[in-house]
Amino acid sequence: MKKEDKSIVISQLTETVKEYPNFYLTDIEALNAEKTSKLRRECFKQEIKLVVVKNNLLKKALENVEGDFSPLQIALKGNTAVMFSQTANAPARLIKEFTKGAKKGEIAKPELKAAYVQESFYVGAENLEALVNIKSKNELIGDVIALLQSPAKNVISALQSSGQTIHGLLKTLEER
């Protein structure tokens, strides 16, 4: 690859890393063509950008991004594919779902090497379950709304059960 081509790839990777707040480093080397196509389709459906990269070019791209990405250096060996996502746990869920059928003792592919999620580093496949359980922004907003609505639902329920009279309202407020 020519030096000019490398610099173009590095700048494209740099822009992609800046665009997406979360990315996962994975190994998809052992996947055959059929499984690779299936993985790419699933990534597309879930708005995950899958890019196979050369480790040195990704290292240089990460150097161009503000922040210290040195904890990921250990994972940049061998075959590397990067899953970029706006949703923190989407790639982890996809990896878990995709590897469900793996036989015992067999290394499931895609295999998580490392991840940069919500400004934190996760190195090693043992972190997959923790990444799956991270709540997305929309899930957190839903939880907060449910918590905020909960007391109001209790008051409305109490009003409905007491016959909606002023006496019932006073009784309900007294009990509270």
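The sections below set out a description of the structure shown in this document. (Residues numbered from 1 in each chain as written. Predicted model: local features only at pLDDT ≥ 70, side-chain atom pairs only at ≥ 80, totals over all residues. Heavy atoms only, no water.)

### Regarding the overall build of the protein
Working step 1: Each helix and strand in the protein was counted, giving seven helices and five strands.
Working step 2: Reading the protein from its N terminus to its C terminus gives the helix and strand order α-β-α-β-α-β-α-β-β-α-α-α.
Working step 3: Long-range contacts, defined here as pairs at least 24 residues apart, represent 75% of the contacts in the protein between residues at least 6 apart.
Working step 4: Element-wise, carbon and sulfur atoms account for 52% of the exposed surface of the protein, whose accessible area totals about 11400 Å². (Helix = DSSP H or I, 4+ residues; strand = E, 2+ residues; numbered from the N terminus. Contact = heavy atoms within 4.5 Å. Areas by Shrake-Rupley, 256 points an atom, 1.4 Å probe, with all protein chains shown as cover.)

### Brief notes about the sheet that holds strand 3 (residues 80-85)
Working step 1: Reading across from one edge, 2-3-1-4-5 is the order of the five strands in this open sheet, with antiparallel pairing throughout. If you trace the sheet from one side to the other, it starts and ends with strand 2 (49-53) and strand 5 (120-123), each paired once. Within the sheet, the average angular offset between the axes of one strand and its neighbour, ignoring direction, is 20°.
Working step 2: Pairing geometry for strand 1 (residues 22-27) and strand 4 (residues 111-117), over five bridges, is antiparallel. Among the inter-strand pairings, Tyr24 is bridged to a residue of strand 4, identified as Ala115.
Working step 3: Those strands touched by helix 4 (residues 90-98) are strand 1 and strand 3, and its axis lies near 130° from that of strand 3. (Pairing = 2+ DSSP bridges. Axes fitted to C-alpha atoms, helices over the stretch in contact; angles between N-to-C directions.)

### Here's the deal with the environment of Asp68
Working step 1: Here Asp68 shows up in the loop between helix 3 (55-63) and strand 3.
Working step 2: Asp68 sits in the exposed class, given a relative accessible area of 53%.
Working step 3: Here the side chain of Asp68 touches Ser70 through a polar contact of 2.9 Å, side chain to side chain. (Buried < 20%, exposed > 50% of the residue type's maximum accessible area, 1.4 Å probe, protein only. Polar contact = N/O pair within 3.5 Å; in protein donor to acceptor, adjacent residues only side chain to side chain.)

### A look at the nonpolar core
Working step 1: Core analysis: the largest hydrophobic core is formed by 23 residues, its most contacted members being Tyr24, Leu39, Cys43, Met83, Ala115, Val117 and Leu131.
Working step 2: Looking at this core, the elements that each hand over two or more residues are helix 2 (33-45), strand 3, helix 4, strand 4 and helix 5 (128-132).
Working step 3: Sort the elements by how many residues they give to this core and helix 4 lands first, with five residues.
Working step 4: Discounting residues that sit within four places of it in the chain, Leu39 has contacts with Ile28, Leu31, Leu50, Met83, Leu94, Phe98 and Pro110.
Working step 5: Counting 20 residues, the second largest nonpolar core, distinct from the first, contains Leu57, Leu62, Phe69 and Leu72. (Core = buried A, V, L, I, M, F, W, Y, C linked by side-chain atoms within 4.5 Å.)

### Quick look at the pattern of salt bridges
Working step 1: Evaluated as defined, the whole model comprises five salt bridges.
Working step 2: The salt bridge partner of Lys96 is Glu129, with a shortest N-O separation of 3.0 Å. Within this pair, whereas Lys96 is found in helix 4, its partner Glu129 is found in helix 5, the two being separated by 33 residues in sequence.
Working step 3: Glu129 sits in the partly exposed class, given a relative accessible area of 39%.
Working step 4: Three or more residues are tied together by salt bridges with common partners; here these are Asp27, Lys109 and Glu111. (Salt bridge = Lys/Arg side-chain N within 4 Å of Asp/Glu carboxyl O.)

### Details of the pairing of strand 5
Working step 1: Bridge count for strand 4 against strand 5 is four bridges, and the pairing is antiparallel. Counted as the bridge partner of Ala115 is Tyr122 from strand 5.

### What to know about unusual backbone geometry
Leaving glycine aside, a negative phi is the common case for residues, and trans is the common case for peptide bonds.
Working step 1: Despite not being glycine, Glu47 has its phi angle at roughly 60°, a positive value.
Working step 2: Judged by relative accessible area, Glu47 falls into the exposed class, the value being 65%.
Working step 3: Within the chain, Gln118 stands out as a residue other than glycine whose phi angle is a positive 50°.
Working step 4: Its location among the elements puts Gln118 in the loop between strand 4 and strand 5.

### A look at the environment of Ala125
Working step 1: One can find Ala125 in the loop between strand 5 and helix 5.
Working step 2: Residue classification places Ala125 among the partly exposed positions, given a relative accessible area of 38%.
Working step 3: Measuring from C-alpha to C-alpha, the distance between Ala125 and Leu112 comes to 4.8 Å, with 13 residues separating the pair along the chain.
Working step 4: Among residues more than four places away in sequence, those in contact with Ala125 are Glu111 and Leu112.

These values are about where atoms sit, not about what they do.
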